[in-house]
Amino acid sequence: LSHVVQVHPPTWIFFAVVTILYFAFSLFVHEDDNIMVWSWIAFGWLVLILNLIIEHQLSHILIQLTPLKPKREHDNSGTPSNESTGLLQSEDLPGWCYADLSKPRSLLERLIVKSKPNRQQSLYWMGRQGPKYYRWLLQLNLLFLGIYCSFHILHFYTKIKENESTTVFILYLVLSILPVVGILVIKERLVGSFALVSSLGCYKRPQIVQKVLLEEKTERVVHMFFVLYKLNLCIQNMEHGTEQDYANGTRKLQYWEYQRVKKSFESLDQNDNGELSPSELAVLLELLGAQTSEEMVDKIVATLDKGKNGHINEDEFIAWYAANSNDEHMSQHTRSEFFFHLFDSDGSGELTIEEFKRKLDKLNMGLTLDEIGDVVNELDEDNSGTISAHEFSHLLHKYAPSSSSSSHHGGGGGHHH
């Protein structure tokens, strides 16, 4: 979408040609104000109609590119559908699969776009250059709206008001404003549809999609760090005999924070049964470098397990997090040091990809070796192939959840997409 506001020379050339034609038209009608006004209004309505046509075309493309879900689990013969039979059911294929490539292309498309389109590209005006062409039309649309309003406000409005009757003036206002309102109403849907058709099918940008998914996973990882940090504080309190009553003083979590804690619990729940067992908790204690005695595990379970069933369910875990989330007095530097030493198994002062992955695998975060390598490369400022404590702190600064940033989240963390 950022390319829409970057107006390129072809757009200015088009408006220069239109300006020359409009000037020639004004000379042809001897600069008659009435003809100029109503022709300008007619031009506005023409652009509105073109907007409707473009919106319909973009909607058609979206429908054709949308994969269809199988409508039936069994065919008419009662045989269950499987992967092979599903491919043979034509009603399950998206519309672009039936695009007619033998249909002759327009003369304009053949002049501008030399190569023939594939089935998906054939759905677009201008074939292979479809997204660029729609972006150009969107630019023209946005610029025209400003020029159209400027002409009316600076030139036509005053003349019609001074020289015409009240009835004509009101008619002028209605007919000149309606196209603007219509274009503005359509614009939001138009921009959204344009963004989608420029990112689907053969126009997907897998690198960008992969980057966004990696950032989301990294945010989850960093939030898991904070869960571990709070659990470590909980263990320290128990060791010093200063246990907290988690039934009291619980603050209400914001929606984005609640969702993150929920996902952290799901990652810690290794067997996906909706509960943390003492054995799963022992794995966390080992990860934290704390004592994994049966007594300590039972003590933590007894503290968090309000249902007294020997396990920690999701609600109990979230309640514990909410009650134990008022630790803003801890500096970012203190937290960063804790996290770094948690991963630095050999105490070398440098994190390798292997150390990073070994710990993350125990947390069930779902990051591949390549994705972990990408995170390391992003943080590795000196290109040493490892992460120093200073470089690691940047990870927390970029992705760490904070109360100050929560107002910007709809479900995200400290990093904004």
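In short, a report on the structure. Quick caveat: nothing in here was measured; it's all calculated off a predicted structure.

Along the backbone of the protein there are 15 helices and 4 strands. Classification of the 417 residues of the protein by burial places 39% in the buried group. Sequence-distant contacts, at least 24 apart, represent 67% of the contacts inside the protein between residues at least 6 apart. Only carbon and sulfur atoms are counted for the fraction: they give 59% of the accessible area of the protein, which is about 23600 Å².

Turning next to the packing of aromatic side chains. If you walk through the whole model with that rule in mind, you get 21 aromatic pairs. Taking 5.5 Å as the distance between ring centres and 45 degrees as the angle between the ring planes, the aromatic pair formed by phenylalanine 317 and tryptophan 320 counts as tilted. Remark: tryptophan 320 and phenylalanine 317 occur in helix H11 (residues 314-323); sequence separation between them is 3 residues, near one turn of the helix.

Unlike most non-glycine residues, histidine 30 shows phi in positive territory, near 60 degrees. When you line up the elements, histidine 30 lands in the loop between helix H1 (9-28) and helix H2 (33-65). For glutamate 31, which is not glycine, the phi torsion reads 55 degrees and is therefore positive. If you trace the backbone, glutamate 31 turns up in the loop between H1 and H2.

What follows deals with the pattern of salt bridges. Following the criterion strictly, the structure yields 5 salt bridges and no others. Arginine 105 is the salt-bridge partner of glutamate 109, the closest N and O atoms lying 3.7 Å from each other. Exposure class is identical for glutamate 109 and arginine 105. Each is buried. Across the salt bridge formed by glutamate 314 and lysine 262, the nearest N and O atoms sit 3.9 Å from each other. Of this pair, glutamate 314 sits in helix H11 while lysine 262 sits in helix H8 (residues 255-268), and the two are 52 residues apart along the sequence. Salt bridges linked by common partners bring Lys262, Glu266 and Glu314 together as one network.

For the rest of this paragraph, the subject is helix H5 (residues 130-163). In a regular helix each residue adds 1.5 Å, so 34 residues correspond to 50 Å; H5 covers 46 Å between its end C-alpha atoms and thus fits that length. Residue phenylalanine 156 marks the point of greatest curvature in H5, where the axis turns by about 50 degrees.

A pair of packed helices is characterised by two quantities: the angle between their axes and the separation of those axes. Two elements in contact, H1 and H5, have axes whose closest approach is 11 Å; the angle formed by their N-to-C orientations is 40 degrees. Classified by the interaxial angle, the pair formed by H1 and H5 is oblique. Crossing geometry of H1 relative to H5 is assigned as right-handed. Between H1 and H5, the residues in contact are Pro10, Thr11, Trp12, Phe14, Phe15 and Tyr22 and Trp136, Gln139, Leu140, Leu143, Phe144, Ile147, Phe151 and Phe156, respectively. When grouped by side-chain class, the residues that make up the contact of H1 with H5 number 12 nonpolar, 2 polar and no charged.

This part is about the environment of serine 193. Summarising the element assignment, serine 193 is placed in helix H6 (residues 166-197). A relative accessible area of 10% means that serine 193 is categorised as buried. With sequence-adjacent residues up to four places away left out, serine 193 is seen in contact with Leu58 and Leu62.

What follows concerns the side chain of threonine 11. Turning to its location among the elements, threonine 11 is positioned in helix H1. Judged by its relative accessible area of 0%, threonine 11 falls in the buried class. A polar side-chain atom of threonine 11 sits 3.0 Å from a polar atom in the side chain of glutamine 139. Setting aside anything within four residues of it in sequence, one finds threonine 11 in contact with Trp136, Gln139, Leu140 and Leu143.

On to a nonpolar patch on the surface. Taken together, the side chains of Phe43, Leu46, Ile49, Leu50, Ile53 and Trp125 present a nonpolar region at the surface, about 500 Å² in accessible area. Along the chain, leucine 50 turns up in helix H2.

Attention now moves to the nonpolar core. Phe225, Phe317, Phe356, Leu360, Leu363, Phe392 and Leu395 are the most contacted members of the largest nonpolar core, which has 55 residues in total. Beyond its immediate chain neighbours, meaning those up to four positions away, phenylalanine 225 contacts Phe339, Phe343, Phe356, Leu360, Phe392, Leu395 and Leu396. Val29, Ile54, Leu140 and Ile160 belong to the second largest nonpolar core, which has 33 residues in total.

Moving on to the packing of helix H13 (residues 353-362) against helix H14 (residues 369-379). Two numbers describe how H13 lies on H14: the axes approach to 10 Å, and their chain directions differ by 125 degrees. When the interaxial angle is binned, H13 and H14 end up oblique. For the pair H13 and H14, the sense of crossing is right-handed. Each of Ile353, Phe356, Lys357 and Leu360 in H13 lies in contact with H14, whose residues at this interface are Leu369, Ile372, Gly373, Val375 and Val376. Looking at the contact of H13 with H14 residue by residue, the class counts come to 7 nonpolar, 1 polar and 1 charged.

Criteria and thresholds
- Residues numbered from 1 in each chain as written.
- Predicted model: local features only at pLDDT ≥ 70, side-chain atom pairs only at ≥ 80, totals over all residues.
- Heavy atoms only, no water.
- Helix = DSSP H or I, 4+ residues; strand = E, 2+ residues; numbered from the N terminus.
- Buried < 20%, exposed > 50% of the residue type's maximum accessible area, 1.4 Å probe, protein only.
- Contact = heavy atoms within 4.5 Å.
- Areas by Shrake-Rupley, 256 points an atom, 1.4 Å probe, with all protein chains shown as cover.
- Phe/Tyr/Trp six-rings, centres within 6.5 Å; stacked < 30°, edge-to-face > 60°.
- Salt bridge = Lys/Arg side-chain N within 4 Å of Asp/Glu carboxyl O.
- Expected span 1.5 Å × (residues − 1).
- Bend = angle between axes of the 7 residues up to and from the residue.
- Axes fitted to C-alpha atoms, helices over the stretch in contact; angles between N-to-C directions.
- Parallel < 35°, antiparallel > 145°, perpendicular 65-115°, else oblique.
- Left-handed = near helix turned anticlockwise from the far one by under 90°.
- Nonpolar A, V, L, I, M, F, W, Y, C, P; charged D, E, K, R; others polar.
- Polar contact = N/O pair within 3.5 Å; in protein donor to acceptor, adjacent residues only side chain to side chain.
- Patch = residues over 30% accessible without salt bridge, like charges linked within 9 Å, V, L, I, M, F, W, Y side chains within 5 Å.
- Core = buried A, V, L, I, M, F, W, Y, C linked by side-chain atoms within 4.5 Å.

Bear in mind that shape data such as this cannot, by itself, settle questions of function.
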